[in-house]
Amino acid sequence: MKFGKLIVLTGPSGVGKGTLVRSLLNRHRELHLSVSVTTREPREGEVEGKHYYFVSRSGFEQMVEAGELAEWAEFAGNFYGTPYFALKQGIGEGKWVILEIELEGARQIRDKFPKALRLFILPPSWEELERRLRGRGQDSESAIARRLLRAQEEIEAAGEFDFQVVNDDLEVALKKLESILNLVEVSGN
Ligand code: 5GP
């Protein structure tokens, strides 16, 4: 098998990763989302254990020290990490586990799990990314500025990933992701 059971999905904040992942999960029962821990404050509508496990900074540090995180990174002033238990749960059920994470974490996963399939989601243009980030109305102006700065670095690293998918039209992007996943499954077994 060319790829293992891990799928890493990375792309700049605002590119629509969350929507893509939710649609994929709705359509494919064989996929499982790894729920991360974060020190970020919950946004309106976010549910503990579904979108994230929300923890304090000291709680996060304890998890790092105890070696409970497969990867972690600081992003726009907050910490985010993938707990091993989130990976084990999906893998134990024989599913493909999706990690929706930023670049630094994706690099750590590449080093630890070289067989992980790594996908990068690109915006159709820089202007559109900025428009989407502001349009969500979820972040302060300074948080948006930090996210845009990081977006630039992340887009420059898109070539490190196995596949790049442009999220212009949601349905088209979904079809591309599905064809990549099918292709991997068919050719990998
Ligand atoms: P947000 O605050 O918008 O939910 O997430 C900010 C960024 O952190 C996004 O790029 C998201 O993919 C990333 N992220 C979410 N969970 C994790 C994680 O467990 N590890 C890492 N490295 N990044 C994560």
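Before going into details, it helps to say that this report is about the structure given with it. Owing to the predicted nature of the structure, the values given are computational and were not obtained by experimental measurement.

### Considering the overall build of the protein
Helices and strands together make up the secondary structure of the protein, namely seven helices and nine strands. Computed over its C-alpha atoms, the radius of gyration of the protein comes to 16 Å, within 12% of the 16 Å expected for a compact globule of 189 residues. Here the protein holds 189 residues, and the buried ones make up 49% of them. A fraction of 70% describes how many contacts in the protein between residues 6 or more apart in sequence connect residues 24 or more apart. If you sum the accessible surface of the protein, you get close to 9,600 Å²; carbon and sulfur atoms cover 51% of it. With 26 positive and 30 negative side-chain charges, the protein shows a spacing of 4 Å between the two charge centroids.

### Digging into the site of the ligand
Near the ligand you find 16 residues, and of these Ser-36, Arg-40, Tyr-52, Tyr-80 and Glu-102 are the closest. Within the side chain of Tyr-80, an N or O atom sits 2.5 Å from an oxygen atom of the ligand. Thr-82 has a polar side-chain atom sitting 3.4 Å from an oxygen atom of the ligand. Elements with a contribution of two residues or more to the shell around the ligand: β5 (69-75) and β6 (78-83). Residue composition of the shell around the ligand, by class: five nonpolar, four polar and seven charged.

### Notes on the nonpolar core
Ile-7, Leu-9, Leu-31, Leu-119, Ile-121 and Leu-177 are the most contacted members of the largest nonpolar core, which totals 21 residues. Looking at this core, the elements with two or more residues in it are β1 (6-10), α1 (17-27), β7 (96-100), β8 (117-122) and α7 (170-188). Tallying contributions element by element places α7 first for this core, with five residues. Excluding residues that lie within four positions of it along the chain, Ile-121 makes contacts with Leu-9, Thr-10, Gly-11, Pro-12, Val-15, Lys-17, Leu-20, Val-165, Asn-167 and Leu-177. With 16 residues, the next largest nonpolar core counts Leu-6, Ala-70, Leu-87 and Phe-120 among its residues.

### A few points about the pattern of salt bridges
Applying the stated criterion across every chain yields a total of 16 salt bridges. One salt bridge connects Arg-40 with Glu-46, and the closest N-O pair in it is separated by 3.0 Å. For the pair Arg-40 and Glu-46, a shared accessibility class is recorded, and that class is buried. Two residues, Lys-175 and Glu-178, come together in a salt bridge whose shortest N-O distance is 4.0 Å. Of this pair, Lys-175 and Glu-178 both sit in helix α7, separated by three residues, roughly a single helical turn. When its relative accessible area of 12% is taken as the criterion, Glu-178 is described as buried. Look at the salt bridges and you will find they share partners, linking Glu-104, Arg-107, Arg-110, Asp-111 and Glu-160 into a network.

### Observations regarding the packing of aromatic side chains
Summed over the entire model, instances satisfying the criterion amount to eight aromatic pairs. With centroids separated by 6.1 Å and ring planes inclined at 75°, the aromatic side chains of Phe-60 and Trp-72 adopt a geometry described as edge-to-face. On the criterion of sequence distance, the pair formed by Phe-60 in helix α2 (residues 57-65) and Trp-72 in strand β5 is long-range, its members being twelve residues apart. Residue classification places Trp-72 among the partly exposed positions, given a relative accessible area of 34%.

Conventions adopted
- Residues numbered from 1 in each chain as written.
- Predicted model: local features only at pLDDT ≥ 70, side-chain atom pairs only at ≥ 80, totals over all residues.
- Heavy atoms only, no water.
- Helix = DSSP H or I, 4+ residues; strand = E, 2+ residues; numbered from the N terminus.
- Rg over C-alpha atoms; globule rule 2.2 N^0.38 Å.
- Buried < 20%, exposed > 50% of the residue type's maximum accessible area, 1.4 Å probe, protein only.
- Contact = heavy atoms within 4.5 Å.
- Areas by Shrake-Rupley, 256 points an atom, 1.4 Å probe, with all protein chains shown as cover.
- Lys, Arg positive; Asp, Glu negative; His and termini not counted.
- Charge placed at Lys NZ, Arg CZ, Asp CG, Glu CD.
- Near = heavy atom within 4 Å.
- Polar contact = N/O pair within 3.5 Å; in protein donor to acceptor, adjacent residues only side chain to side chain.
- Nonpolar A, V, L, I, M, F, W, Y, C, P; charged D, E, K, R; others polar.
- Core = buried A, V, L, I, M, F, W, Y, C linked by side-chain atoms within 4.5 Å.
- Salt bridge = Lys/Arg side-chain N within 4 Å of Asp/Glu carboxyl O.
- Phe/Tyr/Trp six-rings, centres within 6.5 Å; stacked < 30°, edge-to-face > 60°.

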